[in-house]
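Given next are the chains, with one letter for each unit.
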Protein chains: 2
Amino acid sequence: MQSDCIFCKIIQKELPADFLFENENLVVFRDINPKAPVHQLIVPRQHLRSINDITISDGQILTEMIFTAQKMAVKLKIDRSGYKLLFNVEKGGGQVIFHLHLHLLGGWK
Amino acid sequence: MQSDCIFCKIIQKELPADFLFENENLVVFRDINPKAPVHQLIVPRQHLRSINDITISDGQILTEMIFTAQKMAVKLKIDRSGYKLLFNVEKGGGQVIFHLHLHLLGGWK
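Described below are features of the structure shown in this document. What you are looking at is a predicted structure, and each value in this text was computed from that prediction instead of being measured.

Conventions and cut-offs
Residues take numbers from 1 onward in each chain, read along the sequence in its written order. Whichever chain is written first becomes A and whichever ligand is written first becomes 1, with later ones labelled in order. pLDDT decides what is reported in this predicted model: residues at 70 or higher carry local features, side-chain atom pairs at 80 or more are listed and counted, and totals for whole chains, interfaces and linings draw on all residues regardless. Note that water and hydrogens are dropped before the side-chain values are worked out from all heavy atoms of the structure. Any two residues whose heavy atoms approach within 4.5 Å at even a single point are treated as in contact. The term buried area means the drop in 1.4 Å probe accessible area that two parts suffer when joined, counted for both and summed. What counts as a salt bridge is simple: a side-chain nitrogen of Lys or Arg found within 4 Å of a carboxyl oxygen of Asp or Glu. Contacts described as polar in this section are N or O atom pairs within 3.5 Å, which, within protein, must combine one atom able to donate a hydrogen with one able to accept it, while residues neighboring in sequence count only if both atoms come from side chains. Each helix is a run of H or I in the DSSP string that is no shorter than four residues. Each strand is a run of E no shorter than two, and both are numbered from the N terminus. When DSSP finds two or more bridges between a pair of strands, those strands are recorded as paired. The buried label applies to any residue whose accessible area, calculated with a 1.4 Å probe on protein chains only, is under 20% of its type's maximum; exposed applies above 50%, and partly exposed to all values in between.

### Side note on the interface of chain A and chain B
Piece 1. The interface of chain A with chain B comprises 29 residues on the first partner and 29 residues on the second.
Piece 2. Interface area for chain A against chain B, summed over the two sides, is near 2,500 Å², with a carbon-plus-sulfur share of 57%.
Piece 3. For the pair chain A and chain B, the number of links is two salt bridges.
Piece 4. As a salt-bridge pair, R80 of chain B and E90 of chain A come within 3.2 Å of each other at their nearest N and O atoms.
Piece 5. On the surface where chain A and chain B come into contact, there are 19 residue pairs in polar contact (both at pLDDT 80 or more).
Piece 6. Residue assignment for the side of chain A that touches chain B shows that the elements contributing at least two residues are α2 (59-75) and β4 (83-89) of chain A.
Piece 7. The pairing of β4 of chain A with strand β4 (residues 83-89) of chain B spans seven bridges and is antiparallel. Each residue of the ladder has a partner; that of K84 of chain A, found in β4 of chain B, is N88 of chain B.

Below is the structure:
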């Protein structure tokens with residue numbers, strides 16, 4: 001945990017968020033500033049800064065993030081209508097919170 | 001290989017494309033319809049239809065795709081200025097070619 005990280009505080013339940021899914025490795029909650037009808041964030045419990053900072057040893061959590069997004073899409077019934085999975089990397093790439101997360105975007109008519 | 005798949009044909013060198021990187025598992029080439037100054041596609045050699053169709057046994061190629069994108073960003077010197085890694089899933093999610101691929105987008109001023 002990093003003390004000044006908003007996502008670490010959410011994971012530690014020091015800040016409120018509804019967890020749509022959680023297990024020992026990651027949590028899922030809604031983006032508070034949604035860019036699509038469905039906009040969820042898949043967030044590892046471990047504080048990893050960004051895609052730039054992950055190494056081969058983080059491969060398993062990356063895979064689990066993607067499979068979790070895939071399952072959330074099925075649960076939300078947006079798997080066939082379509083969705084996007086997005087990592088924003090660094091400020092210029094749209095990253096706002098420097099705790100690794102995967103965006104699940106969908107639900108367009 | 002799927003006979004009617006454009007990306008399978010590119011991988012088999014039946015259609016032209018400059019490979020910016022390749023190894024035994026994947027290839028990287030430019031998107032012919034770029035949406036950013038840098039727009040590369042990381043494409044597994046194996047024909048997997050979309051994120052909807054991958055299973056746990058495909059975890060390793062997914063991870064390799066992401067780490068390849070990370071390395072291409074460093075090579076292109078866009079790792080610190082920022083980039084996006086994007087999977088479009090199904091037509092409504094923006095997927096045009098139904099052979100799994102990861103978009104690397106960046107190079108904005």
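### Notes on the pattern of salt bridges
Piece 1. Inspection of the entire model under this criterion finds ten salt bridges over all chains.
Piece 2. Among the salt bridges present, the one from E22 of chain B reaches R45 of chain B, with a minimum N-O distance of 2.8 Å. Taken together, the residues E22 of chain B in strand β1 (residues 21-22) and R45 of chain B in the loop between β3 (38-44) and α2 (59-75) connect sequence positions 23 residues apart.
Piece 3. Between R49 of chain B and E90 of chain B there is a salt bridge, with the nearest N and O atoms lying 2.9 Å from each other. Pair noted here: R49 of chain B is in the loop between β3 and α2 and E90 of chain B is in the loop between β4 and β5 (102-106), with a separation of 41 residues, a long-range link.
Piece 4. Classification of R49 of chain B as partly exposed rests on a relative accessible area of 31%.
Piece 5. Several salt bridges converge on common partners, so that one network encompasses R49, D53 and E90 of chain A together with D79 and R80 of chain B.

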